[in-house]
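Breakdown of the fold
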Amino acid sequence: MQSICIYCGSASGADPAFLDEAVRAGTLIANQGLTLVYGGGRVGLMGAVADAALAAGGRVVGVMPEDLVAREIAHTGLTELHVVKNMHERKLKMSELADGFLCLPGGPGTFEEIFEQWTWALLGIHAKPCGFVNVNGYYDLTRALIQQMADKGFSQQPYVEMLIYARDTAEALDAFRAYVPPPPKWSGQGVKP
Ligand code: AMP
């Protein structure tokens, strides 16, 4: 694993533990020699992860649609900033650049991004790990909702279990390195509905 994509809030959230973990995540990613790929913003947890990684001497690559750059919320001190046409191009670019996708707490944008990459992973579009840093139980309800998808017949247990939940970023990165993808859906070897 050489690079890790972090999805997280463009706000800092209501619990100071969220910001603490964002700073720890950025520092750890840099200290492990990983490139941080993220949405390119300078606000909220996103900005905190990027600032911490840069402060620790890490490589930080942002990917941002041109209209968000125009609204001056791009981080101006990154190693690289890819300016793309729109959100679809952005998510594809981030997906191509990263070897795994990890969520810190966040809002709708964060959920959209990780659900897309989980879907691509279970379809076999890529074989990269997806997971959540469950700071103070923030993703407990998400985990229960995803389990319900399998329990009620809209997903299967291996696709539920391919998602990684960790107490902190260090644990998540270890689990990402040990990740073995399930057989893709519709591959002939995939889990039968
Ligand atoms: P949200 O969780 O709704 O705050 O959205 C955060 C996620 O969506 C991040 O992982 C970003 O990739 C993207 N995003 C949303 N708002 C911004 C922003 N102002 N600047 C950069 N990326 C953003």
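Before going into details, it helps to say that this report is about the structure given with it. This structure is a prediction, so every number in the text was calculated from the model and none was measured. (Residues numbered from 1 in each chain as written. Predicted model: local features only at pLDDT ≥ 70, side-chain atom pairs only at ≥ 80, totals over all residues. Heavy atoms only, no water.)

As for the packing of aromatic side chains
We apply this condition: Stacked, tilted and edge-to-face pairs are distinguished by plane angle, under 30 degrees for stacked and over 60 for edge-to-face with tilted covering the rest, among Phe, Tyr and Trp rings (Trp via its six-membered ring) whose centres lie within 6.5 Å. Where helices and strands are cited, they refer to DSSP runs of H or I of at least four residues and of E of at least two residues respectively, numbered from the N terminus. Three labels apply to residues, based on accessible area from a 1.4 Å probe with only protein chains included: buried if under 20% of the type maximum, exposed if over 50%, partly exposed otherwise in between.
One pass over the structure, following the stated rule, counts eight aromatic pairs. Ring geometry for Phe18 against Tyr138: centres 5.5 Å apart, planes inclined by 70°, an arrangement best described as edge-to-face. Of this pair, Phe18 sits in helix 1 (residues 16-31) while Tyr138 is found in the loop between strand 6 (130-133) and helix 6 (140-151), placing the two residues 120 residues apart along the sequence. On the accessibility criterion, Tyr138 (33% relative accessible area) is partly exposed. Judged by centre distance (5.2 Å) and plane angle (15°), the rings of Phe132 and Tyr165 are stacked. Here Phe132, found in strand 6, pairs with Tyr165, found in strand 7 (residues 163-166); they are 33 residues apart in sequence, far enough to count as distant. Tyr165 matches Phe132 in its accessibility class, with the two residues each being buried. Every member of this aromatic cluster is reached through a ring pair, and the members are Phe18, Phe111, Phe115, Trp118, Phe132, Tyr138, Tyr139 and Tyr165.

Description of the sheet that holds strand 5 (residues 101-103)
As a reminder, the rule being used: When DSSP locates at least two bridges between a pair of strands, those strands are taken to pair. Every axis in this analysis is a line fitted to C-alpha atoms, fitted for helices over the stretch in contact. Angles between the N-to-C directions lie between 0 and 180 degrees. Working rule for contacts: check all heavy atoms of both residues, and any pair within 4.5 Å makes them a contact.
In spatial order, the strands read 4-3-2-1-5-6-7; together these seven strands make up an open sheet with parallel pairing. The open sheet terminates on both sides in strands that have one partner only, identified here as strand 4 (80-84) and strand 7. On average, each strand axis in the sheet is tilted by 25° relative to the strand beside it, whichever way the strands run. One ladder, built from five bridges, connects strand 3 (residues 60-65) with strand 4; its direction is parallel. Looking across to strand 4, one finds that Val61 is bridged to Glu80. In the packing of helix 4 (residues 87-97) onto the sheet, contacts are made with strand 1 (3-7), strand 2 (35-38), strand 3, strand 4 and strand 5, and the angle to strand 3 comes to roughly 160°.

Thoughts on the pairing of strand 6
Quick reminder of the rule: When the strands point away from the viewer, a crossover counts as right-handed if the path from the first strand over the helix to the second runs clockwise.
Side chains Cys130 and Phe132 project from strand 6 onto one buried face, and the interleaved Gly131 and Val133 project onto a second face that is buried too. Where the polypeptide runs from strand 5 across helix 5 (residues 108-123) and back to strand 6, its parallel neighbour, the crossover connection is right-handed. Two elements, strand 6 and strand 7, share four bridges in a ladder whose sense is parallel. Across the sheet, the residue bridging to Gly131 is Ile164, located in strand 7.

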